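Read off the chains here:
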Amino acid sequence: MRPRRLIPHRHRPWQASDALLAFPLGLIAAIMVADLLTPIGIPMGPLLVVAPAITASFAGAFATAMVAAIAVVGLVSVGVILDQHLLSTMYFQSQIISLVVVSVIVTAFRYLRDRRVRELAQVRTVSEAAQRVVLRPLPQRLGPLRVASMYLATQEHAQIGGDLYAAARTADATRLIVGDVMGKGLTAVSDAALLLFAFREAAHRQAALSDLVTYLDHSVCWNLAESSEPEKAGECFITAVILDIPDAQPRMRMVSCGHPPPLLLRGRQVITLHAMCPAPPLGLGDLAAPDYRADTFTLEPGDLLLLYTDGVVEARSPEGLFYPLAERAASWAGDTPPALVHHLRADLLAHVGGRLADDAAAIAVQRAPDH
């Protein structure tokens, strides 16, 4: 029977900062040699504080403390080699005290920075997990449909803002929603999450598309009525387009609630799918009492359907020009959904100069040619 190892041996992975430690250590050695070779009246010891300061810029608190300790030992060693009586002088002791104080301060700030970085990393991990729960990635295949999506958030490190999209499968069809919440910030994210959860909960239960949209409107209205900012309840709404695409029939039904019209790419032709029975944005149903009627369009095998938010078509170039989506989409008509979304993302960011002023989302859908 082999004796168990009480203390497991752990190998820390090699890091690039380990090689960089040679620089401050070499600097300490160089300063010590220079201090020994120069006259006693020209002290070089105070320069040793540079070593821990440089280490703190790329290494952790422990490495910084070790380099600082080596610097202090080096300074004391220089004093012993030059003259043992030098250690008892006030001038040399002040050098040691200054080096120790500065080293402690640098090490403490590095420790606080490392702890802050770890806390931010944990918060970011939790935030990304929460965002993925709210805005779930769409599968590449939904029944006979090929799907690809794009989301560009204006806030740095954010994966979701006021724009939203989702998909749900029924027994014989696929239902899609693309929407845009009025406003920005956490309130917009909260409203987007509410609508997404309501859609996922009801998309497979509501038989008729009009019934589904009515349910979504009631959910949004109820949430706004319960809002902590009742004075803004009448000002909040969500534009959306909701689609029902049957598996066996080359058609689709659409209800547009104040949202930009989808584009249908058929061959080299770009068709704008304007709603014949447009409805007001979700959240305004109590004010307008809308009658949600679905428009029917043809979606043949090989057709590409592009759903998007106004952050795409309202994106401006540095010269103030809006993004010409329909014109650009014509050149991508023969692409697959992933390729179209890839081209759209790259072209949109190039148009605005790399940074959007508003969130932008898009979904590309194609009925597979074998259906």
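Remember, predicted model here, so these are calculated numbers, not experimental data.

## Observations regarding the overall build of the protein
Reasoning step 1: Scanning the protein from N- to C-terminus turns up 11 helices and 11 strands.
Reasoning step 2: Counting all 371 residues of the protein, 42% fall into the buried class.
Reasoning step 3: Long-range pairs, those at least 24 residues apart, make up 71% of the contacts in the protein between residues at least 6 apart in sequence.

## Regarding the side chain of aspartate 295
Reasoning step 1: Positionally, aspartate 295 belongs in strand β9 (residues 295-298).
Reasoning step 2: Buried charge without a salt bridge: aspartate 295, with arginine 293 as the nearest opposite-charge side chain at an N-O distance of 9.0 Å.
Reasoning step 3: For aspartate 295, the side chain forms a polar contact with the main-chain nitrogen of methionine 276, separated by 3.1 Å.

## Concerning the pattern of salt bridges
When the charged atoms of two side chains lie near each other, side chains of opposite charge can form a pair.
Reasoning step 1: Tallied over the entire structure, the rule returns 8 salt bridges.
Reasoning step 2: The residue aspartate 244 makes a salt bridge to arginine 175 at a minimum N-O spacing of 2.6 Å. Highlighted residues: aspartate 244 in strand β5 (residues 238-246) and arginine 175 in strand β4 (residues 173-181), separated in sequence by 69 residues. Note on accessibility: aspartate 244 and arginine 175 belong to one class, buried.
Reasoning step 3: Across the pair arginine 253 and aspartate 244 runs a salt bridge whose closest N-O atoms are separated by 2.8 Å.
Reasoning step 4: With relative accessibility at 26%, the residue arginine 253 sits in the partly exposed group.
Reasoning step 5: Judged by its relative accessible area of 3%, aspartate 244 is buried.

## A short note on the sheet that holds strand β1 (residues 141-142)
Reasoning step 1: Read across the sheet, 6 strands follow the order β1-β2-β11-β10-β7-β8 without closing on themselves; strand pairing throughout is antiparallel. Every interior strand has two partners, whereas the edge strands, β1 and β8 (269-272), have only one.
Reasoning step 2: As defined by bridge partners, strand β7 (residues 263-266) adjoins strand β10 (residues 304-308) across 3 bridges and the pair is classed as antiparallel. Across the sheet, leucine 263 pairs through a bridge with leucine 306, a residue of β10.
Reasoning step 3: Of the strands in this sheet, β2 (145-152), β7, β10 and β11 (360-367) are in contact with helix α11 (residues 337-352), which crosses β2 at around 20°.

The rules we used
Residues numbered from 1 in each chain as written. Predicted model: local features only at pLDDT ≥ 70, side-chain atom pairs only at ≥ 80, totals over all residues. Heavy atoms only, no water. Helix = DSSP H or I, 4+ residues; strand = E, 2+ residues; numbered from the N terminus. Buried < 20%, exposed > 50% of the residue type's maximum accessible area, 1.4 Å probe, protein only. Contact = heavy atoms within 4.5 Å. Lys, Arg positive; Asp, Glu negative; His and termini not counted. Salt bridge = Lys/Arg side-chain N within 4 Å of Asp/Glu carboxyl O. Polar contact = N/O pair within 3.5 Å; in protein donor to acceptor, adjacent residues only side chain to side chain. Pairing = 2+ DSSP bridges. Axes fitted to C-alpha atoms, helices over the stretch in contact; angles between N-to-C directions.

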